[in-house]
Amino acid sequence: MEFVTARWTRWMVWVFIGLLALWFVYGVVVNAALRSSMVKRWVNTKPEKFYIEWKSGTSWIPGSFHVRGLYFVGQGTSCTYYGRMDDARFRVGLLPLLRRVVHASRFDGNGIEFRLRRPSGPGIPATATSEFYPSIPGLEALPRRTSPRSPRGSPSWWIRVDDVRFRGIEQVWLYGTRLSGPATLRAGLDMQVEGPFRLKLADMQFPAAVLNHNGAMVGTNLQMSLSGEMGPLVFDVDDVPDEKIFDFISATLAMQGDLHSVALLKQRLGRQDTIDFGGGGRLDAWVAIERGNVQPSTRLQLRSPNLRVLLGSVRFGGNATVEDRVDLEGGVAVARLSVTLEDFEVFKGDKRVGFAPGPALHLTSANRGLKLSEWAKETELSLRIRPLTISNIAVFNEFLPRETVASLERGEIKVEAEYDRNEAGGEGRIGLRGEQLAARARGESYATDLALDIGLKSSDPAVHRFELSGTSLTLTNVEIPGLSRERQEGWHTRMDVESGGVSWSKSTWAVEDAMLRFSMRDTRPVKALLVESGDAPSWLRLMPTIRELSGRVLLTASPEAFRLNQVHVEGRGTEVKAELMGTNDAIRGVVYARYGLLAAGFDLRSTSRRWRVLGAKRWYERVSTSPWDPSAPETPEEADTGESDAASGGGER
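Residues numbered from 1 in each chain as written. Predicted model: local features only at pLDDT ≥ 70, side-chain atom pairs only at ≥ 80, totals over all residues. Heavy atoms only, no water.

## Considering the overall build of the protein
Here is step 1: For the protein, the helix and strand inventory stands at six helices and 32 strands.
Here is step 2: The buried share of the protein, reckoned over its 653 residues, is 39%.
Here is step 3: Within the protein, counting contacts between residues at least 6 apart in sequence, those at least 24 apart form 54% of the total.
Here is step 4: By element, 58% of the accessible surface of the protein is carried by carbon and sulfur atoms, the whole surface being about 35700 Å². (Helix = DSSP H or I, 4+ residues; strand = E, 2+ residues; numbered from the N terminus. Buried < 20%, exposed > 50% of the residue type's maximum accessible area, 1.4 Å probe, protein only. Contact = heavy atoms within 4.5 Å. Areas by Shrake-Rupley, 256 points an atom, 1.4 Å probe, with all protein chains shown as cover.)

Structure follows, in structure tokens:
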């Protein structure tokens with residue numbers, strides 16, 4: 001019995017020594033392999049445009065690894081990405097490694113960051129490579145393939161992790177948006193390099209995050225909780241999804257914290273290079289996404305007691321409440337953005353030049369296409385501005401075109417507006433009322449009282465064109481140099497737009513078939529204004545004053561040319577008809593004018609300008625059917641009824 005016991009003891013000792021030797025050999029071989037460049041080259045043989053590296057690694061228990069200084073970098077046609085992990089501990093099955101499968105039941109990581117951006121190169125927009133986007137270190141380690149990719153051979157590495165636990169997440173930087181930790185994460189991962197990808201995010205917690213967007217700090221002390229799933233999708237070497245990646249995301253996000261800047265409103269309301277938003281407040285959000293579609297119950301609320309909207313050096317501000325939420329309406333999910341601004345103020349520098357107490361501005365916007373990549377595309381818009389008083393219109397001088405020779409000088413103006421737009425078009429109005437609005441030109445001051453009502457109607461929101469029917473302009477109490485106050489007292493004029501519209505783009509504008517009707521007490525202020533311009537002909541001073549003037553004109557205009565059709569102006573003892581077309585070089589057309597018993601026709605259709613007196617009205621009625629054709633009949637047959645027989649003749653000038 002003692003012999004059996006001793007024999008069993010010796011056998012156990014030899015087994016222990018053998019296992020110890022195997023453990024020693026395993027430790028030497030595996031730890032040496034983890035430090036060798038040959039193993040790193042072997043790991044990186046298959047992935048094209050993907051590279052993984054680590055500074056050091058140890059393994060003293062078979063299948064259990066401790067890796068330090070781990071990072072990877074990759075590049076596709078539409079994005080480049082980089083990941084770093086200071087410390088990683090995981091346990092994998094050894095036999096699956098022979099089949100290029102890394103299967104870990106648990107993966108613990110610490111000191112982590114991830115960056116994603118669009119690549120630099122020809123055809124990539126400048127905004128995609130701006131200074132606000134993350135740099136991707138290590139791109140030089142990727143192979144530079146110049147020939148087409150060879151057909152896929154043996155499968156590349158599979159990575160399966162049942163339980164991922166990250167601590168000390170330092171930052172996640174996606175394009176121009178950077179979220180800084182610290183944060184924790186629990187997830188599961190199943191992916192093949194250059195193949196299918198699926199991530200299940202059980203929970204990601206940011207107890208006090210900082211959010212930056214395009215270089216501007218958006219929020220601080222943000223408490224965030226995120227869970228969801230991404231995939232299954234395929235990250236092929238030459239086909240990495242861009243915005244389409246949102247279609248593979250389902251997630252819920254809860255966030256609240258201090259709002260440092262409302263700069264993100266610039267994107268939600270439409271990007272404008274001339275507009276900037278500022279001011280902080282409080283943020284409270286709950287976002288639910290299913291396969292890239294924003295779901296009902298989603299809400300985002302901002303409260304900012306000092307919201308600022310900057311237009312050049314003019315600052316608009318007030319107490320703002322912004323709410324963006326998604327609700328079911330008739331079985332359809334609809335996102336509605338609501339912006340309310342109270343105690344509205346306007347500043348020029350540090351001086352307040354405008355104020356509207358109470359709820360001065362209210363804007364709502366709705367979007368029925370709730371794909372995450374298109375959430376900021378409005379389909380409905382409603383804007384209300386209650387009477388806002390601007391105490392001095394001179395603050396708007398910086399918004400005048402540079403070539404404008406006049407400048408705004410003084411005057412108070414009140415603004416009121418409303419506008420509604422949906423998929424079928426838009427409709428609204430703008431009202432302006434001003435007293436003693438003054439402008440300065442050529443060293444002289446000109447002033448007037450103004451009442452302007454603009455009617456806006458658009459049948460296609462995608463086209464920058466508005467119908468202006470219902471628009472009216474009234475001027476009273478004008479002050480013009482060279483005309484005494486007594487002669488200006490009580491003077492007034494009014495113009496109405498019966499039909500037609502205006503269109504514009506970034507480079508040009510156009511007035512399209514605008515039927516204008518106007519009335520005027522007399523022509524004295526207009527004549528004085530033209531005389532003071534310095535460019536008027538000398539005979540203009542001899543023109544008599546025409547009273548009780550009214551008329552119409554069909555106007556088409558652009559920066560290059562204008563056309564006046566159906567011109568018909570009548571006054572006391574006066575009548576004018578015309579068809580005119582003008583460019584920067586010349587004016588063409590025909591004109592008929594009568595004052596008292598004197599009448600004349602003017603032929604401007606060719607370089608040889610003609611005029612006639614006898615039968616001028618009959619002549620005009622014939623040639624006005626083809627006002628641009630010099631070959632039209634010119635010779636009058638007889639004097640018009642009511643014209644002076646003595647005033648007959650013709651000539652050239």
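## So, the pattern of salt bridges
Here is step 1: Taken as a whole, this structure holds 28 salt bridges when the rule is applied.
Here is step 2: Of the charged contacts, one joins D190 and R160 as a salt bridge, the two residues approaching to 3.3 Å between their closest N and O atoms. Of this pair, D190 sits in strand β7 (residues 177-192) while R160 is found in strand β6 (residues 158-174), placing the two residues 30 residues apart along the sequence.
Here is step 3: By relative accessible area, R160 is classed as partly exposed at 31%.
Here is step 4: For D522, the salt bridge goes to R524, with nearest N and O atoms at 3.1 Å. Accessibility assignment for this pair places D522 and R524 in one class, buried. (Salt bridge = Lys/Arg side-chain N within 4 Å of Asp/Glu carboxyl O.)

## Some details on the side chain of D522
Here is step 1: Along the polypeptide, D522 turns up in strand β25 (residues 509-522).
Here is step 2: Its relative accessible area of 1% is what places D522 among the buried residues.
Here is step 3: There is a polar contact of 3.1 Å between the side chain of D522 and the backbone nitrogen of R524.
Here is step 4: Not counting chain neighbours up to four residues away, the residues in contact with D522 comprise W491, T545, I546 and R547. (Polar contact = N/O pair within 3.5 Å; in protein donor to acceptor, adjacent residues only side chain to side chain.)

## Regarding the nonpolar core
Considering soluble globular proteins, one finds that nonpolar side chains tend to be buried as a cluster.
Here is step 1: In terms of nonpolar packing, the biggest core is built from 62 residues, with F166 and L185 touching the most fellow members.
Here is step 2: Setting aside its immediate chain neighbours within four residues, F166 contacts M85, F107, G109, I112, A183, T184 and L185. (Core = buried A, V, L, I, M, F, W, Y, C linked by side-chain atoms within 4.5 Å.)

## Quick look at the pairing of β6
Here is step 1: As paired elements, strand β5 (residues 101-117) and β6 share 13 bridges and run parallel to each other. Bridge assignment links G109 to a residue of β6, and that residue is F166.
Here is step 2: Where β6 and β7 come together, twelve bridges link them in antiparallel fashion. When the sheet's bridge partners are listed, W158 is paired in β7 with Q192.
Here is step 3: In this antiparallel pair of consecutive strands, β6 and β7, the connection spans two residues, and Y175 shows a positive phi of 55°. (Pairing = 2+ DSSP bridges.)

## With respect to the confidence of the model for the protein
Regions with low pLDDT carry predicted coordinates that are not meant to be interpreted in detail.
Here is step 1: Mean pLDDT over the protein stands at 79; residues scoring 70 or higher make up 81%.
Here is step 2: Within the model, the stretch residues 122-128 combines pLDDT values under 50 with six contacts to residues more than four positions away or in other chains.
Here is step 3: Note that pLDDT drops below 50 for residues 643-653; the model gives that stretch 29 contacts with residues more than four away or on any other chain. (pLDDT = per-residue confidence, 0-100.)

## Looking at the packing of aromatic side chains
Here is step 1: All told, the structure shown has eight aromatic pairs when counted by the stated rule.
Here is step 2: Considering the side-chain rings of F65 and F90, the 5.6 Å spacing of their centres and the 25° angle between planes classify their relative orientation as stacked. Residue F65 is found in strand β3 (residues 64-75), and its partner F90 is found in strand β4 (residues 80-92); the two are separated by 25 residues along the sequence. In this pair, the class of F65 matches that of F90, namely buried.
Here is step 3: Each member of the aromatic cluster is reached from another via a ring pair, and the members are F65, F90, F107 and F166.
Here is step 4: Just above the ring of W158 sits the side chain of R160; from NZ or CZ to the centre is 4.7 Å.
Here is step 5: A cation over an aromatic ring shows up here: R178 above the ring of W173, its NZ or CZ 4.6 Å from the ring centre. (Phe/Tyr/Trp six-rings, centres within 6.5 Å; stacked < 30°, edge-to-face > 60°. Lys NZ or Arg CZ within 6 Å of the ring centre and 35° of its normal.)

## Structural notes on the pairing of strand β21 (residues 444-458)
Here is step 1: One ladder, built from 14 bridges, connects strand β20 (residues 425-441) with β21; its direction is antiparallel. Bridge assignment links I430 to a residue of β21, and that residue is I454.
Here is step 2: Once β20 ends, the chain turns through two residues before running back antiparallel as β21, passing R442 with a positive phi of about 55°.
Here is step 3: With six bridges connecting them, β21 and strand β23 (residues 471-479) associate as antiparallel partners. The partner of D449 across the bridge, within β23, is T476.

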